[in-house]
Amino acid sequence: MDTHENTLNPQENKMGVMPVKKLVITMSWPIMLSMLVQALYNMVDGIFVSWASDKAFLALGYAFPAQSLMIAICAGTGVGVNALLARRLGEKNTEEASQVALHSYLIYFCIWLALAAFGLFAAKPFIGLYTNDPDVLRYGTDYLRIVTIGSLGMCMQFSAERILQASGNSIGPMVIQGAGALFNIIFDPILIFGYFGFPAMGVAGAAIATIAGQWLGMTIGFVMVLRNRIVPIRPREFRFHGHLVADIYRIGLPAILMQSLTTVAVSIMNKFLGSISDAHMFVITAYIKIESFVLMPIFGLNNGVIPIISYNYGARKADRIRETIRFSIMLSMVIMCCGTLLFWLFPQVFLSLFNPPEAAVAVGIVALRTISLSFPMAAIAIVLSGVFQALDAPVLSLIASLTRTILSLVPIAALFTYFYPEGVWCSYPISQTLCVILSVFFYKKVAKQHLRTLST
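Residues numbered from 1 in each chain as written. Predicted model: local features only at pLDDT ≥ 70, side-chain atom pairs only at ≥ 80, totals over all residues. Heavy atoms only, no water.

Visitor: Account for the state of the cysteines, naming residues and giving values.
Guide: Applying the stated rule across the entire model yields 0 disulfides. Distance from the sulfur of C74, which forms no disulfide, to the nearest cysteine sulfur (C155) is 4.0 Å. C74 sits in the buried class, given a relative accessible area of 0%. With no disulfide of its own, C337 lies 7.2 Å from the sulfur of C338, the closest cysteine sulfur. (Disulfide = S-S within 2.5 Å. Buried < 20%, exposed > 50% of the residue type's maximum accessible area, 1.4 Å probe, protein only.)

Visitor: I'd like a description of helix α13 (residues 375-390), backed by residues and values.
Guide: For α13, built from 16 residues, the straight-helix expectation of 22 Å at 1.5 Å per residue is met to within 8% by its first-to-last C-alpha distance of 23 Å. Taking burial as the measure, the 16 residues of α13 include 15 buried ones, the bulk of the element. (Helix = DSSP H or I, 4+ residues; strand = E, 2+ residues; numbered from the N terminus. Expected span 1.5 Å × (residues − 1).)

Visitor: Can you tell me about the nonpolar core, naming the residues and giving the values?
Guide: Core analysis: the biggest nonpolar cluster contains 76 residues, and C155, I309, L391 and Y443 have the highest contact counts within it. Residue contributions to this core peak at 11 residues, all from helix α3 (residues 94-128). Excluding residues that lie within four positions of it along the chain, Y443 makes contacts with I325, L384, V387, F388 and L451. In terms of nonpolar packing, the next biggest core, distinct from the first, is built from 41 residues, L295, V363, A367 and Y428 among them. (Core = buried A, V, L, I, M, F, W, Y, C linked by side-chain atoms within 4.5 Å. Contact = heavy atoms within 4.5 Å.)

Visitor: So, the packing of α3 against helix α5 (residues 152-166): which residues are in play, and what are the values?
Guide: Between α3 and α5, the least distance of the axes is 9 Å, while the angle of their chain directions is 160°. Here α5 runs roughly antiparallel to α3, going by the angle between their axes. Crossing of α3 against α5: the hand is right-handed. Taken together, the residues of α5 that come into contact with α3 (itself represented by A101, S104, Y105, Y108, F109, I111, W112 and L115) are L152, M154, C155, M156, F158, S159, A160 and I163. Of the residues assigned to the contact of α3 with α5, the class counts are 14 nonpolar, 2 polar and no charged. (Axes fitted to C-alpha atoms, helices over the stretch in contact; angles between N-to-C directions. Parallel < 35°, antiparallel > 145°, perpendicular 65-115°, else oblique. Left-handed = near helix turned anticlockwise from the far one by under 90°. Nonpolar A, V, L, I, M, F, W, Y, C, P; charged D, E, K, R; others polar.)

Visitor: Describe in detail a nonpolar patch on the surface, supporting the description with residues and values.
Guide: A contiguous nonpolar patch, built from L341, L342, L345, F346 and V349 and spanning about 470 Å² of accessible area, is present on the exposed surface. With 3 residues, the single largest contributor to the nonpolar patch is helix α10 (residues 318-345). Along the chain, the position of F346 falls in the loop between α10 and α11 (347-352). (Patch = residues over 30% accessible without salt bridge, like charges linked within 9 Å, V, L, I, M, F, W, Y side chains within 5 Å. Areas by Shrake-Rupley, 256 points an atom, 1.4 Å probe, with all protein chains shown as cover. Salt bridge = Lys/Arg side-chain N within 4 Å of Asp/Glu carboxyl O.)

Visitor: Now, about the environment of Y41: what can you tell me, with residues and values included?
Guide: Structurally, Y41 can be placed in helix α1 (residues 20-52). Its relative accessible area of 6% is what places Y41 among the buried residues.

Visitor: Let's hear about the environment of C338: which residues, and what values?
Guide: Counting through the fold element by element, C338 comes out in helix α10. Residues C338 and F240 lie 98 residues apart in sequence; the distance between their C-alpha atoms is 47 Å.

Visitor: I'd like to hear about the side chain of H103, residue by residue, with values.
Guide: As for its position among the elements, H103 is in helix α3. For H103, the contacting residues outside a window of four places in its chain are F238, R239, F240, H241, L244 and V245.

Visitor: Residue-level account of the packing of α13 against helix α15 (residues 427-451), with values.
Guide: Axis separation between α13 and α15 bottoms out at 9 Å; the angle between their running directions is 35°. Crossing of α13 over α15 shows left-handed handedness. In contact with M377, A378, I380, A381, L384, V387 and F388 of α13, α15 contributes Q432, T433, C435, V436, S439, V440, F442, Y443 and V446. For the contact of α13 with α15, the class distribution of residues is 13 nonpolar, 3 polar and no charged.

Visitor: Can you break down the packing of aromatic side chains residue by residue, with the values?
Guide: What the rule picks out here adds up to 16 aromatic pairs. Taken together, a centroid distance of 5.7 Å and an interplanar angle of 80° make the contact between F48 and W51 edge-to-face. Residue F48 and its partner W51 are located together in helix α1, separated by 3 residues, close to a single helical turn. (Phe/Tyr/Trp six-rings, centres within 6.5 Å; stacked < 30°, edge-to-face > 60°.)

Visitor: How would you sum up the side chain of S310? Please name residues and give values.
Guide: The residue S310 is located in helix α9 (residues 278-314) in this model. Accessibility expressed as a relative area gives 0% for S310, which makes it buried. Setting aside its immediate chain neighbours within four residues, S310 contacts A83, A86, R87 and A390.

Visitor: Can you tell me about α9, naming the residues and giving the values?
Guide: Between its first and last C-alpha, α9 extends 52 Å over 37 residues, near the 54 Å set by a 1.5 Å rise per residue. With 32 of 37 residues buried, α9 is to be regarded as a mostly interior element. Its side-chain oxygen at 3.4 Å from the backbone nitrogen of A279, S277 defines the N-terminal cap of α9. Following α9 by one or two positions, R316 adopts a phi angle in the positive range, close to 60°. (Polar contact = N/O pair within 3.5 Å; in protein donor to acceptor, adjacent residues only side chain to side chain.)

Next up, the structure:
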């Protein structure tokens, strides 16, 4: 049988026929690699800025919750686009799949308008919530305004990546993210410190390098989506359908809220840790930069797995769904156990990247080792969260995330802060364990309701 990828015949989509283990690896490794590069440049941003100015580094920390919320909105919307588009392809409904893709571009354009408005009118008041230092306020405002007003590239890049992922193209998202991240890594020091005739722009240079890389990714994404024949894009055939927007956000809204809860939890934890000591605050700021380097491969794996499960759910192939889930959990556990091992063996190396004060080193070694105990549990929780979204049970992802952050992490951390401040880092593995217990319970419920009814 001819399986040429440029045909419109949905039966030839590899997500329905390729051996599952090979499919998971094929779909996930390019995304994992590109997200590792993304995490690397996020960490490099912090390293270069910390070398330039302590106050600039603080400004990045204060801007982080807003940036995290931006990513939560875009990534959560992408979950809805990814799952719905893959499901329509699994149902062999190519026409509606094309409309889902076109609607995703419209939705992301509207998101950009909202982010740009925030940058214009609310960036300075937002940074002002955290600091009265005029230099930090200026650095934070400049950085946040640039990354929000220039976020059209980020928004459109998300749309292209999710369309390509859902259609079975795992290389495209890697190229899109990798190109933008590489551009950022190269131009970060050039624009921050001023080389090759460029002026030294400090934290503003870091922001400009970031959005320039995103615009490069957006351009590459446009070209790839237009050449993708699994989901044909014909703007002239666009017809607005409110039910498609509603379906996207029925799946994606819980993911947005779930990631937004993480932002809220980080903000609250900053308050707790800042009340203990400046060293604790420095450590959590550095940890957030390092953490993404460990977690991004799992999120990349998850992004590759969601369309596989969604496609086979639409195609009513329960055995392939179960095998995908088992293998994904096993693979994510191996990755996260390696992360735990690295944090236990080399905590001082990670901390030294940010020129920490002596007091922060002692605190940080204990912190990184303790927090890393939560990584294996996080692997299970993240994969099951994607499973719930792909199997049309996104609210369960939201409940599990709410338990892990607001309902468990925050109160447990509050108790440690009050009674035993030095043990506050234990709140991370404890809350993650509670989340896994709840997620496994939810999965058994979902498997009974959704998988047993499918023909195998």
